[in-house]
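Topology and contacts: notes
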Amino acid sequence: MYDALTREIAAYEKRTPESAAAHKRAEKRIPLGVASNYRHYEPYPIFVKDGKGSKIHDIDGNEYIDHNLCFGALMAGHCHPAVVKAVETKLHEGTTFGMPHVQEWELAEEICARYPVEMVRFGSSGTEVTMHACRIARAATGRDKIIKFEGAYHGLHDTALVSVKPKEGEYGDENAPNSIPGGGGVPKSAVDNVAVASFNNLKSVENRFKQFPGQIAAIIMEPILMNVGLCLPEPGFLEGLRKLCDANGALLIFDEVKTGAKLAWGGASDYFGVKPDMICLAKSIGGGLPLGAFGASSKTMGLISDHKVFHGGTYNTNRVAMAAGLATFREVLTRENYAHVGKLSKKLTEGYRTIVSKVGLKAYVASAGVNGALMLYPREIKNYRDWTKIDVDLWRHYWFAMVNRGVLAQPYWWYEQWTISVQHSDADIERHLAVFEEVAPGLAKAQAERGMVTAAAGH
Ligand SMILES: Cc1ncc(COP(=O)(O)O)c(C=O)c1O
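Quick look at the structure, then. Note that the structure is a prediction, hence the values are computed from the model and not measured. (Residues numbered from 1 in each chain as written. Predicted model: local features only at pLDDT ≥ 70, side-chain atom pairs only at ≥ 80, totals over all residues. Heavy atoms only, no water.)

1. Examining the site of the ligand
Selection rule: When at least one non-hydrogen atom of a residue lies within 4 Å of a molecule or strand, that residue is treated as near it. For the purposes of these results, a polar contact is taken to be a pair of N or O atoms within 3.5 Å, where, inside protein, one atom must be able to donate a hydrogen and its partner to accept one; residues adjacent in sequence count only when each atom of the pair is a side-chain atom. Note that accessible areas follow from Shrake-Rupley with a 1.4 Å probe, and for residues the cover is restricted to the protein chains shown. Gly is put with the polar residues, along with every residue not named as nonpolar or charged; the nonpolar set is Ala, Val, Leu, Ile, Met, Phe, Trp, Tyr, Cys and Pro, and the charged set is Asp, Glu, Lys and Arg.
Lining the immediate environment of the ligand, one finds Ser 125, Gly 126, Thr 127, Tyr 153, His 154, Gly 155, Glu 222, Asp 255, Val 257, Lys 258 and Lys 283. Within the side chain of Thr 127, one N or O atom sits 2.6 Å away from an oxygen atom of the ligand. Within the side chain of Asp 255, one N or O atom sits 2.6 Å away from a nitrogen atom of the ligand. Protein burial of the ligand: of its 380 Å² of free accessible surface, 82% is covered by the chains. Of the residues in the shell around the ligand, the class split is two nonpolar, five polar and four charged.

2. Some words on the packing of helix H5 (residues 102–114) against helix H13 (residues 319–332)
Working note: a packed helix pair is described by the angle between its axes plus the distance between those axes. The condition is simple: Only C-alpha atoms enter the line fits that serve as axes; for helices the fit covers just the stretch in contact. Angles between N-to-C directions range over 0 to 180 degrees. Only DSSP runs of H or I with at least four residues qualify as helices, and only runs of E with at least two residues qualify as strands; both kinds are numbered from the N terminus onward. Here a crossing is called left-handed whenever its near helix is offset anticlockwise from the far helix by less than a right angle, and right-handed whenever the offset is clockwise. The contact definition used throughout considers only heavy atoms, calling two residues in contact when any of these lie within 4.5 Å.
Two elements in contact, H5 and H13, have axes separated by 10 Å at closest approach and are oriented at 35 degrees. Viewed along their axes, H5 and H13 form a crossing whose handedness is left-handed. Contacts between H5 and H13 pair Gln 103, Glu 104, Glu 106, Leu 107, Glu 110, Ile 111 and Arg 114 from the former with Arg 319, Met 322, Ala 323, Gly 325, Leu 326, Phe 329 and Arg 330 from the latter. Residues that form the contact of H5 with H13 fall into these classes: six nonpolar, two polar and six charged.

3. Re helix H4 (residues 81–91)
Rule in force here: Think of it in three bands: residues with accessible area under 20% of the maximum for their type are buried, residues over 50% are exposed, and the middle band is partly exposed, with areas taken using a 1.4 Å probe on protein chains only. By definition, the arc is the one covered by directions from the helix axis to the C-beta atoms.
The set of residues buried in H4 consists of Ala 82, Val 83, Ala 86, Val 87 and Lys 90. End-on view of H4: buried residues confined to an arc of 120 degrees, all on one side of the axis. For H4, the exposed residues set more than 90 degrees away from the buried face come down to Pro 81 and Lys 85. Of the surrounding secondary structure, the elements contacted by the buried residues of H4 are H5 and H13.

4. Quick look at the sheet that holds strand S4 (residues 119–123)
Stated precisely, the cut-off is as follows: For two strands to pair, DSSP has to find at least two bridges joining them.
The strand order across the open sheet built from seven strands is S4-S12-S11-S10-S9-S5-S8, with neighbouring strands paired in mixed fashion. Each edge of the open sheet carries a strand with a single partner, namely S4 and strand S8 (194–197). Adjacent strand axes in the sheet meet at a mean angle of 20 degrees, parallel and antiparallel pairs treated alike. With five bridges connecting them, S4 and strand S12 (residues 292–296) associate as antiparallel partners. Within S12, the position partnered with Met 119 by the bridge is Ala 296.

Distances and angles like these do not, on their own, reveal function.
Printed below as a string of structure tokens:
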């Protein structure tokens, strides 16, 4: 830690004593004092009181412009009136029945109109839907192995929890990365069934198909790697994966848990013009309620109809989440709102770029749809290994300095990115930029003094 960062953390502690106390109390009963490991960071996380529109308040009474937005699950913003109204109505009509209802068909129609899928099933989280997508791909091909990209996050099931954040000593060849379990409890058999490739490296994918002929069921991927800040696919990469899947009889699964809503009206396949075989959706399609969906062609989803693949879930299509989903598709994720957030995203991104270049910070600003990130690297990253070469303390300096001035610029963690909601305004973006303008010279100074420190990022 260096002086300027120490000062920002001291200011953070001064502003948030109630959060500190709440966290200390929670630690006794809840591991790390939080309900998801991602919510824990040093010295302690901010405890939230409430949120409305583009803003939240913590339990110390501080207000923040919120670009965390529940790790990108709230492109609707907090308490979007259409979502609140839809949910309120359903709360009085019964929340869950474990019986079919007509909203299911309605939401399936909305999804099939936007994404290149013919049939859909629903769940409650991203983890759930990527898990089912992998299982269906395995059943459809009669094969067990799945290719995933090093550094990619697809949730918490055994197939997904491989090589999420491998350490440098574990990497192996970048053209054939090692498969590393993302923590204890992931069975070796599961790890052995995940072949890891490097993002933006078609050769590494080709290698896997050659190494395991006739054994790869699918490639699961985020069309934009979002577990490393924001890493765009190079031209031809997605098209190359499509061809490799076709040539080898494997399915291409787009994990659009983040990109599905936050990239464009029709998600990544619309944005990039590449059609996957399966799509997984969650986060922002639910307007703040737990809702996931996976879809594919009628033939592939027919495996469920034919009782060849099992799918179920007590809380699937509970009326409240479905009402929120319908309101979100119909009244939040509209073409007009995409135009609105598109303008705000351009303003924020260009504003950051101007400030970065004015203060001489060696960094760039990545942006796609309503997602963006200040990337503290001299050159654009291409994959997970590039991403690890970040000055973590400089990033923490950025995050805490912004928070101390009332802007939650993105979720804590240098592998995350900001989200802009439909309820953000020009004034919010101007305030965000004004704060960054105040903070940026200190970042540039610290960076110049420290040089490019790149130790052990994200590990
Ligand atoms: C791309 C992607 N897939 C899957 C998931 C898992 O979603 P959930 O946290 O709803 O289980 C996430 C969560 O961050 C994600 O970003």
